[in-house]
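# Working through the structure, step by step
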Amino acid sequence: MGFYGPKYAKRLYLGWKWKWKWKSPRHLPLRLQPCPLSKHSSNSNSVMAEEAVLGFLQTKEHISDSHEFAASIGVSHTELENLIKSLKGFQIVDAQEITRESWVLTEEGKTYMVNGSPEALFFSAIPPEGISRSNLKEKLGAEIFDLGSKAAAKNKWITFEKDLVKRKVESVQDEVKNVLARINSGEAVGDQVINDLKRRKLIIKQTWKGYSLKKGPKYVSKRKKPETDLTREHIVSGDWKNLEFKEYNLNAEAPQIQAGYLHSLLEVREQIQNIFLEMGFEEMPTNNFVESSFWNFDALFQPQQHPARDSHDTFFLETPASTQNLPEDYLGRVKLVHESGGYGSKGYGYDWKREEAEKDLLRTHTTAVSTRMLYALAQQDTFTPKRYYSIDRVFRNEAVDRTHLAEFHQIEGLICDRGLTLGDLIGVLEDFFSRLGMSKLRFKPAYNPYTEPSMEIFSYHDGLQKWVEVGNSGMFRPEMLLPMGLPEDVNVIAWGLSLERPTMILYGISNIRDLFGPKVDFNLIKSNPICRLGL
Ligand code: PHE
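The following refers to the structure shown.

Cut-offs used in this document
- Residues numbered from 1 in each chain as written.
- Predicted model: local features only at pLDDT ≥ 70, side-chain atom pairs only at ≥ 80, totals over all residues.
- Heavy atoms only, no water.
- Near = heavy atom within 4 Å.
- Polar contact = N/O pair within 3.5 Å; in protein donor to acceptor, adjacent residues only side chain to side chain.
- Areas by Shrake-Rupley, 256 points an atom, 1.4 Å probe, with all protein chains shown as cover.
- Helix = DSSP H or I, 4+ residues; strand = E, 2+ residues; numbered from the N terminus.
- Buried < 20%, exposed > 50% of the residue type's maximum accessible area, 1.4 Å probe, protein only.
- Core = buried A, V, L, I, M, F, W, Y, C linked by side-chain atoms within 4.5 Å.
- Phe/Tyr/Trp six-rings, centres within 6.5 Å; stacked < 30°, edge-to-face > 60°.
- Lys NZ or Arg CZ within 6 Å of the ring centre and 35° of its normal.

What follows covers the site of the ligand. Near the ligand you find 15 residues, and of these His-365, Thr-367, Arg-396, Gln-410 and Tyr-450 are the closest. Contact between the ligand and Thr-367: a nitrogen atom at 2.7 Å from a side-chain N or O atom of the residue. Take Gln-410: an N or O atom from its side chain is 2.7 Å from an oxygen atom of the ligand. Surface burial for the ligand is 100%, taken as the share of its 320 Å² of free accessible area covered by protein chains. Those elements that provide at least two residues to the shell around the ligand are β12 (407–418), β15 (466–476) and β16 (490–498).

Below, the structure is given as structure tokens:
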């Protein structure tokens, strides 16, 4: 029957089909598209390249290969590529990506192209009468000697007679050197030759990415630099009629503004606060975390032996440990109602102790504030109906885990008026929760020491496809209200829920320590979207 503690732990209320609305972009003001032309105009090379490309396309159908074109006008392909991208962006040209493969010489291949192949060098170094291996090796160096002797022997250019190396033919053609030169100048050569050279690692394949170009739908032979702003001068002189204006790029991201951001809990709190205000509720002053047991428990008809009043469930203060300043008359009536009842109640029949009521604690619910407010209302000469709400911090000595901290925020609403019924409570709950986006509600009888009847509030969660508890509610008992001095026909309907739970659901946070406390990531707060409840 513990009104909080482990059982209460399960009662942190789930939010509902709360929906997002993204924050209006922080990227305002809109930024103009980067201007590729102005980027290039400082560079005479690209001005020249642009003239060349547009000029070429004026008379010719297309540019078939951007690499060749870049080489022909003497700019690097990278430079030309940047220009092509800009021209394409403005639809001045159509660019198709092409890939081209070509063979290029390796370092070794280049050396042979210049100096001749090892086999040719080997052959040339043999005098007509022949030469000893050792002398030839000395002449050529070990590497050329080894490579050359193998290839020359394979070509049947040479013979070995004991230690002597001799020519087998009169003269040779250095085909390797010739074909390397042809490949180097871009000529196509036969597959067999390519395979041989590839095997000897004298050439490798290179893939080029390039473009073929033709006129785009907005082709012009000379590009005008688009204006970014319409100025007074343009209007006065009338030259705006002939100018091209750059279009706004509505998708451009501007730098993030470094400003203060609201914590997610505060964002949701504001939304809920607005709901209460729309429903005509006034905010209660909740700016006292420290409360006496009297206002937190006794005035709520919560007996002094109740397990919630144990230090395992509640944080008691060492200094100041107690509050002596309590409303004496009222305190007397509270003592009586606990001990022997009255107002139609039997009471609890125990010996009520003032020291227990004086003990200071960190308030365990904001219902302590509601109680103070109702008491203040009862002290007025004429009763005025009231709708009160609060959203503020409460403290419970709970084991900290993924969904529980020893402190959380409680949302509380109450209506105090003549002749209120359980039907009114159900009606107002349906109104309140539907504004939060929870329109399917069910109620289950429950127990609170200070309400009778009491109801747990459940709502159908479309996402989880089940009924989940979203709050606790009830009608304050006569044992609580009548000792305050409220008129007999005045009833109070009230309900409470936590702020953290719906916020966690809204922001997709599964560990409460990511939402509250020293482990919170500031970037999360910066980048969180705002929420709009109940839309
Ligand atoms: N004080 C209750 C709690 O902490 C919430 C509540 C408020 C219940 C008002 C009923 C009426 O759970």
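Continuing now.
On to the environment of Arg-501. One can find Arg-501 in helix α20 (residues 500–507). Accessibility expressed as a relative area gives 24% for Arg-501, which makes it partly exposed. Sequence separation between Arg-501 and Val-428 is 73 residues; the distance between their C-alpha atoms is 21 Å.

Let's shift gears to the nonpolar core. Counting 38 residues, the largest nonpolar core has Ile-272, Phe-432, Phe-433 and Trp-495 as the members making the most contacts within it. Of all the elements in the fold, those that place two or more residues in this core are α13 (264–278), β11 (386–395), β12, α18 (422–435), β14 (451–461), β15, β16 and α20. Ranked by size, the runner-up nonpolar core spans 31 residues in total, among them Phe-294, Tyr-450, Leu-481 and Ala-494.

By the definition in use, this model includes 20 aromatic pairs. Both rings, one in Phe-122 and one in Phe-145, keep their centres 5.5 Å apart while their planes meet at 50°; by these two values the pair is tilted. One end of the pair, Phe-122, is in helix α7 (residues 118–124); the other, Phe-145, is in helix α9 (residues 142–154), and 23 residues separate them in sequence. Side by side, Phe-122 and Phe-145 carry an identical accessibility label, which is buried. With a centroid separation of 5.4 Å and 70° between ring planes, the pair formed by Tyr-460 and Trp-467 is classed as edge-to-face. Overall, the relative accessible area of 29% leaves Trp-467 in the partly exposed class. Clustering of aromatic rings is evident, with ring pairs tying together Phe-276, Phe-281, Tyr-389, Phe-432, Phe-433 and Trp-495. A cation over a ring is seen here: Lys-60 above Phe-56, with NZ or CZ 4.9 Å from the ring centre.

Treat this as a map of the structure, not an account of what it does.
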